[in-house]
Amino acid sequence: MRMLGRISRKPWMWSWTAAFVVWFATIMVTGGASTFDLSQAALTFAAFSIIVGIGQMFVITLGPGNIDLSVPSTMTLAGTLALKLMEVDNAMIVPGLVIAMITGVGVGVVNYALIKALRIPPIIATLSVSFIVQSAAIWTNRGLRIKPPSFLADFTTANTLGVPNVAIIALVISVFAWFLLEKTIYGRWISAVGQSMPAAKMAGIPVDGTRFVTYIFCAVLASLAGYLLACFSGGAALNMGSEYLLMSIAVVVLGGTAVAGGDSNVPGIWGASLFMFLVVSMLNTYGLGAGIRLIMTGLIIISVIMLAGGRAR
Amino acid sequence: MTIRKMLLASVAVACAAMPVSALADTSGKKIALSNNYAGNSWRQAMLTSWEKVTGEAVKAGVVAAADAFTTAENQATEQAAQIQNMILQGYDAIVLNAASPTALNGAVKEACDAGITVVSFDGIVTEPCAWRIAVDFKEMGRSQVEYLSKKLPQGGNLLEIRGLAGVFVDDEISAGIHEGVKQFPQFKIAGSVHGDWAQDVAQKAVAGILPSLPEIAGVVTQGGDGYGAAQAIAAAKRPMPIIVMGNREDELKWWQQQKEANGYETMSVSIAPGVSTLAFWVAQQILDGKEVKKDLVVPFLRIDQDNLEQNLANTQAGGVANVEYAQEDAIKVIEAAK
Amino acid sequence: MRLTYSAEAVRLAVPALSLTVLLAAVFWLQPRAMSYVGLNLLFNLAVPIALATIAQMLIMAVNDLDLSMGTFVSFVACVAATFLRDTPLLGTLILAGVVGVYAAIGIVIHLRNLPSIVVSLGMSFVWAGLAVLLLPAPGGQPPDWVRALMTAKPPFAPMAIIASIVIALVAHLLVMRSSLGVLIRGVGGNERSVERAGWSVLAARAAAYGLAGVFAVLAGIALVGLTTSADANIALRYTLLSIAGVILGGGEFIGGRVSPIGAVIGALTLTLAGSFLSFLRISPDWQIGAQGAILIIVLALRLLLARIEKREKAR
Amino acid sequence: MTGDTLTAIVEVADAKVSFGAVKALDGVTLAIMPGECVGVVGHNGAGKSTIVSVINGGLTPHQGNISSDGERLARYGIGVARARGVRCVFQELSLCPNLTVIENTRILHRHLGGFGWRKRARKVIERSLDLVFPGHGIESDRSVGELSIAERQMVEIAMAFSDAGVAPRLVILDEPTSSLDAGLAEQMLGYVRRFVDAGGSVIFISHILNEILTTASRIVVMKDGRIVADRRSIDWTEHSLVESMGSVAKGEANRRAVRDLAGAPVVVEQIGPGLPFRAKRGEVVGLAGLAGHGQTRMLMKLHAAETSDWLARREATVAFVAGDRRLNGVFELWSILKNFSIGSLGDLTNRGVVDVAAEMERATDWKRRIDIRTQDLANRILSLSGGNQQKVLFARALSTRAPVVLMDDPMRGVDVGTKQEVYEIIRQQAASGRTFVWYSTEMEEVCLCDRVYVFRDGAIVAELEGDAVTEGNILAVSFRGAAA
């Protein structure tokens, strides 16, 4: 009973345990020969869900009902615009990054403006915005796949000391996010808003300002992920963000962040993202189909929330 | 209904006897394109080709209108609604790239009942009243293994990259590949992943399964995923197997670079997005009163080692290798099917 | 004073008005739509959406949200196109079973005080997986009676209109007129006072989820009847469409304020909006975006009317 | 009304209820006979609501027993109470706002179901409405949320008197007339008298004394969880009622010296219904009156006027101490430390980064100053007792540099020793120029203020200063009818 209590206090344990079990089951197929390659691949691809997931986590931390469904289309638009601006020119890398960030800021502003002005629930507001952003992405480049500048393409696909560069970027962002959450006044604010909006208001916290910045932050991280993904995979595709909609929510939930808000968990996002990648690898390795994979993912999400998140009435 | 069919048939017979120029006029006819998805470069190329070819045709007065419609999301239900709207809008023919081979049958039947010619291509429908311009997807899959068997007579392990789970085309190509493996038993499919016809998804999936696979001799694909596979394999620092390519520009370009660097050899099979224009002309010919068989076959686009550069030169940067069709091509295909 | 007779009426007025305006615009753009066949074509695909919207509405009536609606309807469509035709008994049993699963989800959510969003997100993966296992490639066929029902051509009004009216009426009777409906909405409005009066809130929530399961099953069956075959992804949009439909129809996320008639109107409005955009001949690039814009406009309209209503009341 | 031959509908004997250290009921014995209306009066926290909950079945006393119709009931709960015809009109709205009046009737009467229940429910509620409020004009198919507050109250009252199988025998009315105008209140009181004459019983709680005097047959005065007086109502006058409610002796000792603040500048101001509100620099302003009469709303307004939802102020101008901890006080997931420091983070951060050492230092200092009983400030806030949680909230506000501190009855559940320390801190800080706006339900605290505004029905109805701040004066103004 006491051990259960201790584990439930560290909710990220669940995702890390699950990731480790799946990782172990996968490498056992080859008797451990694939350990390094698999870990490297896992880090590479988990990096993107980590970046997107952190943004989504900040929004979910704001409390019940807060969610950003515009993440995939923001990724697509940012990637498309940036690559179009850079036009394979190494000199334009920074302007490309800037335009991606501006895209994120813009989407974030529109998201919160709708939530606030129309007083519609975030789920509907961000959904409507995502349609418009998706159209904008289609309109800007008609689906042409422009190559990233060679430097960026090399950088995003390369490793440093055996660690994928994108994973290092994800780590830097995670540390930054962790710092924001744990060490700064802003981190205290979003946690307070997520626990109780009236209490936060009475404690003198600028509630709207905090939420506004958080929606922007989430969209900016989505744009950054879009920018990196477009460079990594050799060009922006119109559908490149689509799998990150459910992914971003799933990694937050699996990572042990409280869905009721107020409590976020950066390490958990890593465990959950690695798990989400590894579970596909494992089931592919064992030759199991998409159906089983989906069912397992769903059951794991439900079990995690039942074990870690539930409160008896 | 039957009377009308008989009438139509007799008209067609009568017309067939006459020279082409004397056929019924289609300048007053309106044709619509029903498209279920616009989210990748292939579909965008398809729409661009349609716009280009039909734009000229409209200008030349061959048809009155040729409008393209795309659904907001890739869903059969939405496309069914779109087709129903087209019926209301009074189009004479609907050219259709279907989200599902069967789920649109209800809507297609309604269109046929309203006297509308329905020509499906790429994603074809099974409703008997519609025309089908089909690519032999099974053959597309089988021919990949056949090609590999010539390059690698001793056989080896294959990695299969599939498309989107639960979609008809994916199932067909995969079935063809498995047929090919049965035919050339020296090959064995060592692993299979879903790449959703997207480079990034394929890259991710391949990178995930690769560590647990033995040496791979060849990668059989469905198009749109070859470059992603190549990137994943290069990142894992594995010997590069023969990856059967699709028709995206980045795939072809990568192939060309490898060819120049180390004489890498492979081939590419795909469907040209310009098949939409063939479907347009077929629809026009049907409206014109031509007798056309319900099932037409269009060859898939194959690029080989020697015509790679030529194809690449014709492909827009970031685009898709493509072939656009003219009226004569359509007539040829129709004649060939007779 | 009599002007503000009922907020219920105002609640219905906005969706009804949007639908009327949209319908008028469609008729103006495309006079051919003003016919028996035309109306059927415009609205028949709204029938399964309306059913799914009612299902979502029941969940929202107890202050929960179901993110698995789309995949569940897809799954039901797959069952309907396979088991229900080949072995009707087994098919019926499976469908009854999944309705039971829905009620069980309600019970678990209530007992453990879980966030419904996460549980249903997890369930959406499960349903999608089951659907892919059942139908790896599109196919199957609906039972003949389903097809016959969905393509029936009743006199006077097309099937789509009659079906929508029947759905709205049945849901209205069930949710707005029956004791059970009152209880379910009461849980959404003030759980404590329902408990104080000696009712079991657990049973009420389970009933709401179970009923939602029934309507979602009907949606799946109706969908297969229209499309003639199923696939694992056939109704993924229904999750967001159903939520949007409830909201457009005057429902609210919390507080048990729902309107079945409004929800059906909301579903019709959303379907019609798609047709309207296609008749408008917006460039394909912006067709997706225009759907988002329509959502925003209708919700803004609602806010405006709510403000006016409030001002009236304040007088 | 001689009760010799009659047995009590509900009889509570020696009931004791305590919430933590607070004794809400300290041995109360009360019997309600058929055909009597018992008026219950008392100041805030006297135990009125608790005894109501016990009779209603919502609360089981920790000690003592309950009998009904001469039969001692071991298990007394809501179900049993309702089956015996006990009904209650609560202070807060207990209807479902999204349902119509008829539908709410259906929820209340469980056995009303079956085909055609709507018709039956309509009959039940409309008959009751017509009886209690003739000419009420409420359409029973409107949803409760659309009704005005008075109409809602009318529906609640009519609902309690409605008869759908089980006839109401004892109806508890907890401040039923607070949102009714004089005419409607008179209608209701008339009905209560008729109901009682016909043999029904009523427990009647109100802050309007002449209502009680004219309606009740017997009046019970409660204080500090006990019944201190129980007489027939003809034996009471408004004056004697007020007198017996008060506790004159207490608080006088703490009476603070009158300070001359005439020259001090006004720092906060709020103009609303009733008298305007003003507070000067260094002043301790009390908000008094019965609970729920607009004091908290005034504090919220003052707070909202001085804070922004969009940008953090560099210098906070107000700090707030919550009374309703769960609603707008503590952050339940956080440690004591974080709960303490959230109010003064502006001082504790350097370019947005929280200075953990300074935070800890300040928290440790305040832990000592007001004696927060915990081993470790890193413990969860919920590990503390309610009183200690309240101390943390108090420390949160006092440790800021805000010139104005708003206090929403913050001393509930705080022990006496700590109270004295806090009073001392307030006294010191006021002397050094800080302004306190203090809503309190405890007379002792109100008497500590320089100036007191008394609230009734959402507005300020009186301003008392200096020696005029006495319990008697405040009670007299709080209870309408007892002319001040």
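Residues numbered from 1 in each chain as written. Chains lettered and ligands numbered in written order. Predicted model: local features only at pLDDT ≥ 70, side-chain atom pairs only at ≥ 80, totals over all residues. Heavy atoms only, no water.

A. Structural view of the pattern of salt bridges. Tallied over the full model, the rule gives 36 salt bridges over all chains. The network of salt bridges with shared partners includes Asp69, Glu71, Arg84 and Arg169 of chain D. (Salt bridge = Lys/Arg side-chain N within 4 Å of Asp/Glu carboxyl O.)

B. Up close: the environment of Gly123 of chain B. All names here are of chain B. Topologically, Gly123 is positioned in the loop between β4 (117-121) and β5 (131-134). Overall, the relative accessible area of 7% leaves Gly123 in the buried class. Note: C-alpha distance between Gly123 and Val167 (44 residues apart in sequence) is 9.9 Å. (Helix = DSSP H or I, 4+ residues; strand = E, 2+ residues; numbered from the N terminus. Buried < 20%, exposed > 50% of the residue type's maximum accessible area, 1.4 Å probe, protein only.)

C. Fine view of the domain arrangement of chain B. Residues and elements named next belong to chain B. Partitioning chain B into structural domains gives domain 1 (2-135 + 273-299 + 324-337) and domain 2 (137-270). Looking only at domain 1, the three residues that lose the most surface to domain 2 are Trp42, Pro101 and Val135, adding up to 53% of its buried area. At the boundary of domain 1 and domain 2, one finds zero salt bridges. Linking domain 1 with domain 2 are one residue pair in polar contact (both at pLDDT 80 or more). By residue class, the composition of the side of domain 1 that touches domain 2 is five nonpolar, one polar and one charged. (Domains from an automatic or database assignment. Buried area = accessible area lost by both parts, 1.4 Å probe. Polar contact = N/O pair within 3.5 Å; in protein donor to acceptor, adjacent residues only side chain to side chain. Nonpolar A, V, L, I, M, F, W, Y, C, P; charged D, E, K, R; others polar.)

D. Spotlight on the packing of helix α9 (residues 159-177) of chain C against helix α10 (residues 179-189) of chain C. Residues and elements named next belong to chain C. The contact between α9 and α10 brings their axes to 5 Å, and the two run at 65 degrees. Residues Leu174, Val175, Met176 and Arg177 of α9 lie in contact with α10, whose contacting residues are Ser179, Gly181, Val182 and Arg185. A breakdown of the residues in the contact of α9 with α10 according to their chemical character gives four nonpolar, two polar and two charged. (Axes fitted to C-alpha atoms, helices over the stretch in contact; angles between N-to-C directions. Contact = heavy atoms within 4.5 Å.)

E. View of the state of the cysteines. In this structure the tally under the stated criterion is one disulfide over all chains. In this model, Cys112 of chain B is linked to Cys129 of chain B through a disulfide, with the two sulfur atoms separated by 1.9 Å. Disulfide Cys112 of chain B-Cys129 of chain B: torsion about the S-S bond near 75 degrees, hence right-handed. Remark: Cys129 of chain B occurs in the loop between β4 and β5 and Cys112 of chain B occurs in helix α4 (residues 105-113); sequence separation between them is 17 residues. Cys88 of chain D carries a free sulfur, and the closest cysteine sulfur to it, the one in Cys37 of chain D, is 14 Å from it. (Disulfide = S-S within 2.5 Å.)

F. Highlighting the side chain of Ser273 of chain A. Relative to the assigned elements, Ser273 of chain A resides in helix α13 (residues 266-285). The residues touching Ser273 of chain A, leaving out its near neighbours within four places in the chain, are Ala46, Ser49, Ile50 and Val251 of chain A.

G. Seen up close, the sheet that holds strand β14 (residues 318-321) of chain D. All names here are of chain D. Spatially, the six strands line up as an open sheet ordered β14-β17-β18-β13-β19-β20, and their pairing is mixed. Taken across any chain shown, the strands that pair with only one partner, and hence form the sheet edges, are β14 and β20 (459-465). Here the average twist between neighbouring strands, direction ignored, is 20 degrees. Packed onto the sheet, helix α9 (residues 295-306) meets β13 (284-288), β14, β17 (404-408), β18 (435-439), β19 (451-456) and β20 and runs at close to 150 degrees relative to β17. (Pairing = 2+ DSSP bridges.)

H. Examining the pairing of strand β10 (residues 226-232) of chain D more closely. Across six bridges, the pairing between strand β9 (residues 218-223) of chain D and β10 of chain D is antiparallel. Bridge pairing links Val220 of chain D to Asp230 of chain D in β10 of chain D.

I. Region of the structure containing the packing of aromatic side chains. A full pass over the atoms with the stated rule returns 27 aromatic pairs over all chains. Pairing Phe20 of chain A with Phe24 of chain A gives two aromatic rings, centres 6.2 Å apart and planes at 20 degrees, and the pair type is stacked. Linking Phe20 of chain A with Phe24 of chain A, this pair stays in helix α2 (residues 12-29), spanning four residues, or about one helical turn. Geometrically, the ring pair formed by Phe161 of chain D and Tyr191 of chain D is edge-to-face, given 5.0 Å between the ring centres and 80 degrees between the ring planes. With a gap of 30 residues between them, Phe161 of chain D in helix α5 (residues 149-161) and Tyr191 of chain D in helix α6 (residues 182-197) connect regions that are remote in the sequence. One exposure class covers both Phe161 of chain D and Tyr191 of chain D, and it is buried. Linked through ring pairs, Phe45, Phe48, Phe232 and Phe277 of chain A together constitute an aromatic cluster. (Phe/Tyr/Trp six-rings, centres within 6.5 Å; stacked < 30°, edge-to-face > 60°.)

J. Geometry of the interface of chain C and chain A. Facing the 42 residues of chain C at the interface are 41 residues of chain A. Both sides together, the interface formed by chain C and chain A hides about 3700 Å², and carbon and sulfur atoms give 78% of it. It is Arg112, Phe125 and Asp285 of chain C that lose the most area in chain C upon contact with chain A, and together they represent 18% of the buried surface on that side. There are zero salt bridges connecting chain C and chain A. Secondary structure elements with two or more residues in the side of chain C that touches chain A: α6 (88-112), α7 (116-134), α13 (238-248) and α15 (284-314) of chain C. In terms of residue count, α15 of chain C provides more of the side of chain C that touches chain A than any other element does, 14 residues in total. Class assignment for the residues of the side of chain C that touches chain A results in 29 nonpolar, eight polar and five charged.

K. Examining the interface of chain B and chain A more closely. Between chain B and chain A, the residue contacts involve 32 residues of the former and 30 residues of the latter. Of the roughly 2600 Å² buried between chain B and chain A, counting both surfaces, carbon and sulfur atoms make up 53%. At the boundary of chain B and chain A, one finds one salt bridge. Here Glu243 of chain A and Lys204 of chain B are joined by a salt bridge, their closest N and O atoms 3.6 Å apart.

L. Region of the structure containing the nonpolar core. By size, the foremost hydrophobic cluster in this structure holds 298 residues, and its most contacted members are Phe58 and Ile123 of chain A, Leu96, Val108 and Val206 of chain B, Val73 of chain C together with Ile342 of chain D. Grouped together as the second largest cluster of nonpolar side chains are 64 residues, Met298, Val321, Val452 and Phe455 of chain D included. (Core = buried A, V, L, I, M, F, W, Y, C linked by side-chain atoms within 4.5 Å.)

M. Representation of the sheet that holds strand β8 (residues 201-205) of chain D within the structure. Residues and elements named next belong to chain D. Overall, mixed pairing links the six strands, which are arranged β6-β7-β8-β3-β9-β10 in an open sheet. Each edge of the open sheet is held by one strand with a lone partner, namely β6 (86-89) and β10. Neighbouring strand axes in the sheet, compared pairwise and without regard to direction, differ in orientation by 15 degrees on average. As defined by bridge partners, strand β7 (residues 170-174) adjoins β8 across five bridges and the pair is classed as parallel. Bridge pairing in β8 links Leu173 to Phe204. Sheet strands touched by helix α1 (residues 48-56): β3 (37-42), β6, β7, β8 and β9. Its angle to β7, the strand with the most contacts, is close to 155 degrees. Where helix α8 (residues 238-245) meets the sheet, its contacts fall on β3, β9 and β10, and the angle it forms with β9 comes to roughly 25 degrees.

N. Broad picture of the pairing of β20 of chain D. Residues and elements named next belong to chain D. Strand direction decides the pairing type here: β19 and β20, joined by six bridges, are antiparallel. The partner of Arg456 across the bridge, within β20, is Ala459. Hairpin connection of β19 to β20: two residues between the antiparallel strands, including Asp457 at a positive phi of 55 degrees.

O. Layout of helix α12 (residues 201-227) of chain C. Residues and elements named next belong to chain C. The first and last C-alpha atoms of α12 sit 39 Å apart over 27 residues, in line with the 39 Å expected at 1.5 Å per residue. Burial runs high along α12: 22 of the 27 residues are buried. Where α12 terminates, the next one or two residues include Thr228, which has phi positive at roughly 70 degrees. (Expected span 1.5 Å × (residues − 1).)

P. Region of the structure containing the environment of Ile123 of chain A. The residue Ile123 of chain A is located in helix α6 (residues 122-141) in this model. Under the relative-accessibility criterion, Ile123 of chain A is labelled buried at 8%.

Q. The packing of α10 of chain C against α12 of chain C, seen in detail. All names here are of chain C. Between α10 and α12, the shortest axis-to-axis distance is 9 Å and the interhelical angle comes to 110 degrees. The orientation of α10 with respect to α12, classified from their angle, is roughly perpendicular. Along the contact surface, α10 presents Leu180, Leu183, Ile184 and Val187, while α12 presents Val201, Ala204, Ala207, Ala208 and Leu211. Here the contact of α10 with α12 is built from residues that sort into nine nonpolar, no polar and no charged. (Parallel < 35°, antiparallel > 145°, perpendicular 65-115°, else oblique.)

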